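The primary structure of each chain is shown beneath.
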Amino acid sequence: MAVKKAKNSKASKKKTLVIVESPSKAKTLTKLLGRGYEVKASVGHVRDLPKSRLAVDIENNFQPDYIVVRGKGQVVKELKKKASESSRVILASDPDREGEAIAWHLAEILGISAESPCRMRMYEITPKGVKEALGGLGPIDMNKVYAQQARRIMDRLVGYSISPILWRKIKWGLSAGRVQSAALKIVCDRERAIEDFVPQEYWNISVEAQKENGALYNLRVEKRGGKTLLKDGKTLLIDSEKVADEIIEVIVSNPLVVKDFTSKEGERKPPAPFKTSTLQQEAARRLKFSPRKTMSIAQELYEGVEIPGRGVMGLITYMRTDSLRISPIAIEEVRSLISQTFGQSYLPKKPNSFESKVRSQDAHEAIRPTDVTLTPEQAKQYLSRDQYRLYELIWKRFVASQMSPSIVARVTLEAEAKDIGLKQSGVRVLFDGWSKVWPSDLQEEIVPEAVPGEELSVTNINKEQKFTNPPSRYTESGLIKVLEDKGIGRPSTYATILQTLSDRRYVGKDEEKKLKPTELGKLVNGFLEEYFPEIVDVGFTAKMEEELDEVESAERKWDQVVGEFWAAFEPTLRSAEENAEKLAAPQGEPIGENCPLCGAPLVKRFSRYGEFIGCSAFSDPEKKCTYSRPIVDKIGVTCPKCGKGDVVRRRGKRGRTFYGCSRYPECDYASWYEPTEERCPQCGGVVVLKGAKRNKVCSVCDWKEGKKDDGPNEE
């Protein structure tokens, strides 16, 4: 009996239920919390506004009508069951607005008081971070919940009000978003500036000269008659070859004399640690990651990786933040590492501090390694290639941010030939400082010392005709920087904004992977500019973001912010309904060819199965031309199997790129790696390009370009 009683006693001991968003985060937390806790995942939001209707009661202070998200019924049922069997429930969703809203919705479903100490906020998923979070349990921050709710409701009011108008006036299935529409306008405005751009001619004149001792100089003409010839950093005032030749004649006919030589030492301060926007920008620039990929990998690093000897741990702090604050403990740890690894000269006397230009949530830190003593090389074998590369980027940026400034000498040589002023500037790094860890991108140029009054011998003069270039299109990271600078969106929304523009086919990419509005995107933007100017107005959208911040800081009521928004938006909605004219939607992107059946222009079109080439007369009631063909992306290589077809780039069912013959199914050649016209010198197999560095390897044997040959066996 005694044994049986003990078993029942053990079985009846209840655990604490901890609810997070993702299964991977649950897995990490289970190992960190140990016995006494059970961790379950809600798999994102469990309640939201239904997709089938507006679900916002405009007449009743914009009260939302939430329902359980479709497909989440079983998840909710299991969470309710686990909650009823537990001694306590802790809500541990991410520490931002969305995470707070998820916690509140869970509390509503599970019957937990929002005012009870049920909320756990983890800024790093490490033993120390989890322990601190457990010791600081508190109520749900309803101001954050209200800010998220206000954003959700305003987005619903815009989307469900404008989209039906777009369906009737342009094309069924179109949609408009509050923040995405402002971002689309930025892309379209840049495209308009490119289309309206008129190139301006100008000439560069460079003079090669030397001293008697052989020291060489390369000077640029910048002044004439004491006045600058520069505008926007270019010699735009040398606007014709005639003017260029006049200047060259003066230089040739007069001695070139050194006017001034200066050398100034200065400090270059280290870069700030990463916040969401700068992480996305640098990952795009240095690693070629899209914002979406960056955030996905950062989420993996945050949620936890198994490191032998250290256990399971999150490798970085929370990655959705606009704060540049670093905790005192983390600063102490990184200063110790800098001192021991690089020496005292690389350690500033006091910690470096940084201020965010935007209003930030100071509860968060900047993005940093949770344990700076875990170097990228030590972690490498336990990470995927992309995880390692992103961790290395974050680790190096954080370490560099707390290192000494680099010291550079900036040298300037000014010379004159009568009234023509010339100049050469250079820079030399005297002490690398933080750039020992984080590349400074500074191109050193040495300018030999010169003495005012001494004469230089001209050895060569070059003149080059140039034309100003139009503004460049935005890269994804460039657009994110503009959105942040203009106060549009927040760290958690940047990647989503770009993805939405792409998913809606409003924005595509050009040959350089830069953002280009599609014809449909231009049409929708033009319609919104005319009938909904506030929605696409950057200033108006930024103001709404500030008001949402004020809701979060309890400075304003959420329904008041939504009410004022609706009061300004509703009249434009009625006006568009009454006055907007029906527009012809573009049939696709023209490809510069005509249909072989009816002669109408061929266009790139989209279907649920992807892109294809189709006839623009498909919807013409008279022609109804049904000509279509798949898009053939030739790589300029003849099929190595049949020798007749072209190798084309294709996508498999799961989105992975592969290479096949254009004559398929007659020829079934296929390869995961890009083939070349070359053949293996060892076995005659097809040479393919493999890996990020596109190394040439044989598709049959182990031959690799550059691999040392051991030579023939002489035995």
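Remember, it's a predicted structure, so these values are computed and weren't measured experimentally. (Residues numbered from 1 in each chain as written. Predicted model: local features only at pLDDT ≥ 70, side-chain atom pairs only at ≥ 80, totals over all residues. Heavy atoms only, no water.)

**Q** I keep staring at the sheet that holds strand β1 (residues 16-20) and nothing clicks. Help me out?
**A** Each strand in a sheet pairs with its neighbour through backbone hydrogen bonds, running either in the same direction (parallel) or in the opposite one (antiparallel). Across the sheet, three strands lie side by side as β2-β1-β7; this open sheet has parallel pairing. Pairing within the sheet leaves two strands with one partner each, and these edge strands are β2 (37-41) and β7 (88-91). Geometrically, the sheet is characterised by an average inter-axis angle of 25° between neighbouring strands, direction not taken into account. Strands in contact with helix α4 (residues 97-110) are β1 and β7; relative to β7, the strand with the most contacts, it is inclined by about 155°. (Pairing = 2+ DSSP bridges. Helix = DSSP H or I, 4+ residues; strand = E, 2+ residues; numbered from the N terminus. Axes fitted to C-alpha atoms, helices over the stretch in contact; angles between N-to-C directions. Contact = heavy atoms within 4.5 Å.)

**Q** How do you make sense of the pattern of salt bridges when you look at a structure like this?
**A** Opposite charge on two side chains allows them to pair when their charged atoms are near. Applying the stated rule across the entire model yields 57 salt bridges. A salt bridge links K396 to E392; the nearest nitrogen and oxygen atoms lie 3.4 Å apart. Pair noted here: K396 and E392 are both in helix α13 (residues 385-401), with a separation of four residues, about one helical turn. The exposure class assigned to K396 is partly exposed, which follows from its relative accessible area of 30%. When its relative accessible area of 21% is taken as the criterion, E392 is described as partly exposed. R629 serves as the salt-bridge partner of E593, at 3.2 Å between the closest nitrogen and oxygen. Remark: R629 occurs in strand β22 (residues 628-629) and E593 occurs in strand β19 (residues 589-594); sequence separation between them is 36 residues. The class for R629 is partly exposed, based on a relative accessible area of 26%. (Salt bridge = Lys/Arg side-chain N within 4 Å of Asp/Glu carboxyl O. Buried < 20%, exposed > 50% of the residue type's maximum accessible area, 1.4 Å probe, protein only.)

**Q** Quick question: what am I supposed to make of the UniProt feature "site: Interaction with DNA" (unreviewed entry) in the protein here?
**A** This chain's UniProt record puts "site: Interaction with DNA" (unreviewed entry) on H45, R151, R152, D155, Y160, W167, R320 and R504. The greatest C-alpha distance among the annotated residues, which extend across 460 residues, is 34.9 Å, indicating that they are dispersed rather than converging on a single site. For H45, the position within the fold is in the loop between β2 and β3 (47-48). Taking relative accessible area as the criterion, H45 reaches 25% and is therefore assigned partly exposed. Apart from residues no more than four positions distant in its own chain, H45 is found in contact with V69, K72, E98, A101, I102, H105 and Q148. Mapped onto the fold, D155 is located in helix α6 (residues 142-169). Taking the relative accessible area as the measure of exposure, D155 reaches 25% and is therefore partly exposed. (UniProt positions renumbered as here; feature names shortened; annotations may be inferred.)

**Q** Help me understand the nonpolar core in this model?
**A** Judged by nonpolar contacts, the single largest core of 81 residues is most densely connected at L91, I140, I162, L483, F527, F532 and F569. Sort the elements by how many residues they give to this core and α6 lands first, with 10 residues. Composition of this core by domain shows at least three residues from each of domain 1 (16-140) and domain 2 (151-197 + 472-579). Residues in contact with F527, not counting those within four places in the same chain, are I165, L166, K169, I170, F532, A580, E581 and L583. Judged by nonpolar contacts, the second largest core, of 60 residues, contains A330, V334, Y391 and A400. (Core = buried A, V, L, I, M, F, W, Y, C linked by side-chain atoms within 4.5 Å. Domains from an automatic or database assignment.)

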